[in-house]
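Structure assessment
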Amino acid sequence: MPMNSPEKNGVGKEEAFRPKIVAFCCNWCSYAGADLAGTSRLSYPAEVKIIRVPCSCRVNPTFILRAFGRGADGVILCGCHPGDCHYTTGNYYTRRRMTLLFSMLDYLGIERERTRVEWVSAAEGAKFAETMRDFVATVTALGKNRRLEDLRCRN
Amino acid sequence: MQKIGVFVCHCGTNIAGTVDVAAVAEALGKLPGVAVAADYPYMCSESGQKMIRDAIREKELGGVVICSCSPRMHEATFRKAAAAEGLNPYLVEIANIREQDSWIHRDRAEATEKAIVLGKAAIEKVKRNAPLTAGESPVVKRALVIGGGIAGIQTALDIAEAGFPVDIVEKEPTIGGKMAQLDKTFPTLDCAACILTPKMVECAQNEKIRIFSYSEVSKVSGFVGNFRVTIRRKARYVDETKCTGCGECTEKCPQKKVPNSFNLGLDNRRAIYIPFAQAVPKVATIDADWCNMLKNGKCGVCAKVCGAGAIDYKQKDTFIEEEYGAIVAATGFRPISLSRYEEYAYGLSRDVVTSLELERLMNAAGPTGGTLLRPSDGKHPHTVVFVQCVGSRCEDGKGKSYCSKICCMYTAKHAMLIREKYPDTEVYVFTIDVRTPGKNFDEFYRRAVEEYGVHYIKGMVGKVLPEPDGSLTVRASDLIANEQLKLSADLVVLAAAVEPDPSARPLATLLTASMDTNDFFTEAHPKLRPVESPTAGVFLSGACQGPKDIPETVAQAGAAAAKVIGLLAKDKLVGNPCVAHSDEMLCNGCSSCEKVCPYGAIHYEEKEFRGPNRTVLKRRVAAVNAAVCQGCGACTVACPSGAMDLHGFSNSQIMAEVDAICR
Ligand SMILES: Cc1cc2nc3c(=O)[nH]c(=O)nc-3n(C[C@H](O)[C@H](O)[C@H](O)COP(=O)(O)OP(=O)(O)OC[C@H]3O[C@@H](n4cnc5c(N)ncnc54)[C@H](O)[C@@H]3O)c2cc1C
Ligand code: FES
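In what follows, the accompanying structure is described.

Calculation rules
- Residue numbers run consecutively from 1 along every chain, following the written order of its sequence.
- Lettering for chains starts from A, numbering for ligands starts from 1, and both go in the order in which the items are written.
- Note on the predicted model: pLDDT of at least 70 is required for a residue's local features to be given, and 80 or more for side-chain atom pairs to be given and counted; whole-chain, interface and lining totals, by contrast, use all residues.
- Where side-chain values are given, they derive from all heavy atoms of the structure, hydrogens and water being excluded.
- Strand pairing is defined by DSSP finding a minimum of two bridges between the two strands.
- Secondary structure elements follow DSSP: runs of H or I no shorter than four residues count as helices, runs of E no shorter than two count as strands, and numbering proceeds from the N terminus.
- Note on geometry: axes are lines fitted to C-alpha atoms, helical ones only across the stretch in contact, with angles between N-to-C directions running from 0 to 180 degrees.
- Should any heavy atoms of two residues lie within 4.5 Å, those residues are counted as being in contact.
- The criterion for a disulfide is a pair of cysteine sulfur atoms lying within 2.5 Å.
- Throughout this description, buried means an accessible area under 20% of the type-specific maximum (1.4 Å probe, protein chains only), exposed means over 50%, and partly exposed covers the range between.
- Should a side-chain nitrogen of Lys or Arg be within 4 Å of a carboxyl oxygen of Asp or Glu, the pair is scored as a salt bridge.

**Some words on the sheet that holds strand 4 (residues 115-119) of chain A**
Here four strands make up an open sheet; going across it, the order is 2-1-3-4 (chain A) and the pairing parallel. Taken across any chain shown, the strands that pair with only one partner, and hence form the sheet edges, are strand 2 (48-53) and strand 4 of chain A. Between one strand axis and the next, the sheet turns through 20 degrees on average, direction left out of account. Strand direction decides the pairing type here: strand 3 (residues 74-79) of chain A and strand 4 of chain A, joined by five bridges, are parallel. Bridge pairing links isoleucine 76 of chain A to arginine 116 of chain A in strand 4 of chain A. Docked against the sheet, helix 3 (residues 90-108) of chain A engages strand 3 and strand 4 of chain A, running at close to 160 degrees with respect to strand 4 of chain A. Each of strand 1 (21-26) and strand 2 of chain A is contacted by helix 18 (residues 651-662) of chain B, which is oriented at about 175 degrees to strand 2 of chain A, the strand it contacts most.

Okay, here's the thing in structure tokens:
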């Protein structure tokens, strides 16, 4: 099988836009859901890179702003379903915090579709893959995040 | 600068088949701080671990990144290997390039590129890892078993046998579960009661076992080794300590029209009842939905006839709180409701019954005293048709997609028992196919066909029609002969699919244990940890984990008990060091973190700090109790001054991962 040099970011010259997506997943449900998607060989675009956090409530809104500042085109936060959080109440905080963050991003003129919160249980491998496919498609359609990217961080 | 070692696993071809592992090692090896980067077919193997250990020792590594399967799989393995070489285990990070890369992507270049990014993120994270030491917590040496079927009974007996106290919480008035309702059991055809009831009695007599029947778990807090559980003891309106189980009340109660749930509504019982003669505990219970005294204050017969003075109409639900080191879920299963299967006329004709109802119809202690009679007219059936896979292996959304596993065998049992007792009765069994993987199972099925002359037909029943003369017309297809069949039957038996008990889902939420899409409890590992739930300290026993027959249930029950005993035998548990901590210099004592902590792990201390001009300032600062903190991180986000951080998932670590991924 011919292999493209992995060091180069991308393949051809007229390369199609490939968004950078950061997915924060709580360890107990969504990360396990992502693992299940893997074990079940349910594919979703490689643009998605997962960061494991103990609970969705560990995600500070500044992490999301940081990701956008560094050039992410979309950020998705996944946690256990309401009521199922391993720490019982974590995702309720997440829900409230993210509502605030999203309305702030809205105010800043960032398309609402670039951020998302999803509840994915450890059993929902199929939902995880489906959600990621959908999110990547949405962000791809939106195009590059130019508004929040901090050009000083580009390299 | 810290020296980092990077180890890329091929996982046979699982990873190497899609990811160019050598290219990943090469790319990561060039990053600043990386002292060694290598790939190997199986990092988790003995020799793979040795490779890591040698590198730690020879290169004096200060951090290790393994690019391999999910950390949920082998994080502990690699941490142990590092610890063995004197490297703090928390200086190991895993980049998940199997479940989250090679298994889901097909394009080699894309997958390789992603593996490199994930590796980079892990390297950036590990650079900011701090050596951590786990705290210890004591273990409460008592276990809780939820569900008192054969699974719960066996688990409890085995734990008690090892010398640890066990409580059984059973929602019904008696323990025993489904097995108590069965007649004879495959593959040996010994009677269920004869082998089950001695075990029930053993439970009642064992000093180490307490049975909370007619009770449910209503609240669970704490963690492995230290659970706090609230048990709701439902009002049975009978004082358990006084009732002698004489049964006088159950004969005198004037309310005779209550469908007998133990006999699945095939006959009636009284409003005050003992489910069956060998019930444990043998104590009467008043069915509040039917008792005239409880409903309108008019009756009181049972209180009058009770010589022990055990009846108490004013009894209320009570709540008890207990501490446990381990919890076992043994909530079992039930046959699915057949209300959506109108084609089989279940509910239209009383002579269409489920297999569990047939068990009662054949049971010597059942409504017919063990003589097989049609429920409609009490006549002896001459043709019996069995329909297999009703709602099992069903893709139309009406039933369950899985195989219920036990039906082939119990149907062969039923067919054989009927042919043995009533040789004049013809028995037909319609199947998709017959599944008999089990010791002596195929022999058993062949005996039904060859010795007992049961007619097995490959094909499904399309419709069951009740006729005016009381018979049932069965329309079916014979796939081998390729023809449509029309049979006249006296009794039709449906092998209904099994599903988890509906109370299992809310229970799983209380336990924070995960379930699959069918609401069966999931195991920590489908092959290697089949009796543990992913939630530490919660174990699984019996059919609540998946359809099972009795031999398998008992085997699993014993295995769960062994795991519990192993846990309770420990005096101390090593905790999770990835807990929150506060920077006193930044903390302004605002209490934001305290309010969001679900465990009450944060308290405040007055502390003295050096002020300007040699003054002393007293400030109120947050302090975290590491033994209580579970490490969710809610406080770190709530803290307005950035004083709270989480070991193992610190702000700077997560930011570094973000940066590495976005670059
Ligand atoms: C028709 C039929 C015939 C069968 N014949 C055979 C046979 O011949 N041979 C064989 O090997 N197997 C047979 N089986 C299978 C056998 O019944 C099961 O393997 C066995 O009963 C499983 O035991 P269990 O303890 O896991 O579940 P169960 O027997 O279902 O017990 C679970 C118990 O937990 C209780 N419970 C549930 N939820 C809660 C809760 N939230 N709180 C407290 N308590 C709760 C229930 O009330 C019940 O007492 C048959 C099954 C059926 C349906
Ligand atoms: S642990 Fe999953 S959201 Fe809290």
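What follows continues from the structure just given.
**Examining the state of the cysteines**
Residue and element names in this part refer to chain B. Within this structure, the stated rule accounts for one disulfide over all chains. The disulfide partner of cysteine 191 is cysteine 194, and the gap between their sulfur atoms is 2.0 Å. Measuring the twist about the S-S bond at about 95 degrees, one finds the cysteine 191-cysteine 194 disulfide to be right-handed. Judged by its relative accessible area of 22%, cysteine 191 falls in the partly exposed class. With no disulfide of its own, cysteine 408 lies closest to cysteine 389 among cysteine sulfurs, the gap being 5.9 Å.

**Here we look at the pattern of salt bridges**
Residues and elements named next belong to chain B. Considering all chains together, one arrives at 53 salt bridges over all chains under this definition. The shortest N-O distance in the salt bridge between arginine 374 and aspartate 490 comes to 3.9 Å. With arginine 374 in the loop between helix 11 (355-362) and strand 21 (383-390) and aspartate 490 in the loop between strand 26 (483-489) and strand 27 (491-496), this residue pair connects regions lying 116 residues apart in the sequence. Per residue, the accessibility class of arginine 374 equals that of aspartate 490, and both read buried.

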